[in-house]
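Okay, here's what each chain looks like letter by letter:
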Amino acid sequence: MTMKSKIKFIEIYEKPRCPNCIQMRRVFNKWLEKNPDANFGELSAKDNKDYLAERGVMSAPCYRIISTTGDEQFISGLNPDMLMDALNGDDELWDF
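Residues numbered from 1 in each chain as written. Predicted model: local features only at pLDDT ≥ 70, side-chain atom pairs only at ≥ 80, totals over all residues. Heavy atoms only, no water.

**A few points about the overall build of the chain**
Now for step 1: Of regular secondary structure, the chain possesses 3 helices and 4 strands.
Now for step 2: Along the chain, from the amino end to the carboxyl end, the secondary structure elements read β-α-β-α-β-β-α.
Now for step 3: A total of 96 residues make up the chain; the buried ones form 36% of that total.
Now for step 4: Taking all contacts inside the chain whose residues are at least 6 apart in sequence as the whole, residues at least 24 apart take part in 65%. (Helix = DSSP H or I, 4+ residues; strand = E, 2+ residues; numbered from the N terminus. Buried < 20%, exposed > 50% of the residue type's maximum accessible area, 1.4 Å probe, protein only. Contact = heavy atoms within 4.5 Å.)

**Points about the pairing of strand S4 (residues 72-76)**
Now for step 1: The alternating pattern of S4 places Gln73 and Ile75 on a buried face, while none of Glu72, Phe74 and Ser76, on the opposite face, is buried.
Now for step 2: Counting the residues between successive antiparallel strands, the hairpin from strand S3 (residues 62-67) to S4 contains 4 residues, one of them, Gly70, with a positive phi of roughly 95°. (Pairing = 2+ DSSP bridges.)

**Here we look at the pattern of salt bridges**
Now for step 1: Counted according to the given criterion, the structure contains 5 salt bridges.
Now for step 2: A salt bridge links Glu42 to Arg25, with the shortest nitrogen-to-oxygen separation between them at 3.5 Å. One end of the pair, Glu42, is in strand S2 (residues 40-44); the other, Arg25, is in helix H1 (residues 19-34), with 17 residues separating them in the sequence.
Now for step 3: Glu42 gets classed as exposed once you look at its relative accessible area, which sits at 52%.
Now for step 4: Ionic pairing is found between Glu54 and Arg55, a salt bridge with its closest N-O pair at 3.4 Å.
Now for step 5: Note on Glu54: relative accessible area 64%, which makes it exposed.
Now for step 6: Owing to a relative accessible area of 38%, Arg55 belongs among the partly exposed residues under this scheme.
Now for step 7: The network of salt bridges with shared partners includes Glu11, Arg64 and Glu72. (Salt bridge = Lys/Arg side-chain N within 4 Å of Asp/Glu carboxyl O.)

**Focus on the sheet that holds S4**
Now for step 1: Taken together, 4 strands build an open sheet; the order of strands is S2-S1-S3-S4 and the sheet is mixed. Both edges of this open sheet fall to S2 and S4, since each of them pairs with a single strand only. Across this sheet, the average inter-strand angle for adjacent strands is 20°, counted without regard to direction.
Now for step 2: Relative to S2, strand S1 (residues 7-14) runs parallel, the two sharing 5 bridges. (Axes fitted to C-alpha atoms, helices over the stretch in contact; angles between N-to-C directions.)

**Thoughts on the packing of aromatic side chains**
Now for step 1: Summed over the entire model, instances satisfying the criterion amount to 4 aromatic pairs.
Now for step 2: Grouping aromatic residues by their ring pairs yields a cluster made of Phe28, Trp31, Phe40 and Tyr63. (Phe/Tyr/Trp six-rings, centres within 6.5 Å; stacked < 30°, edge-to-face > 60°.)

Right, here's the structure in full:
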């Protein structure tokens, strides 16, 4: 799914003391420095495991990126390149 439209909201699902979550958050925080008006919320991956599993997400962290058109994309696990591309609207590189 290509998210060429503007990002409306980003949901971040993380686990405490998760090394992959920490690394992905660093990548997200760098992007956030350049996009300080981005709307995002932080949620517990553990408390939302059924919701995530229903959507095929099997590893933390998970970033749910929702566009202004209602399209959504899930980036999970340690995938900093995919996350940056999705946040910057270049995610068509990952459509196989």
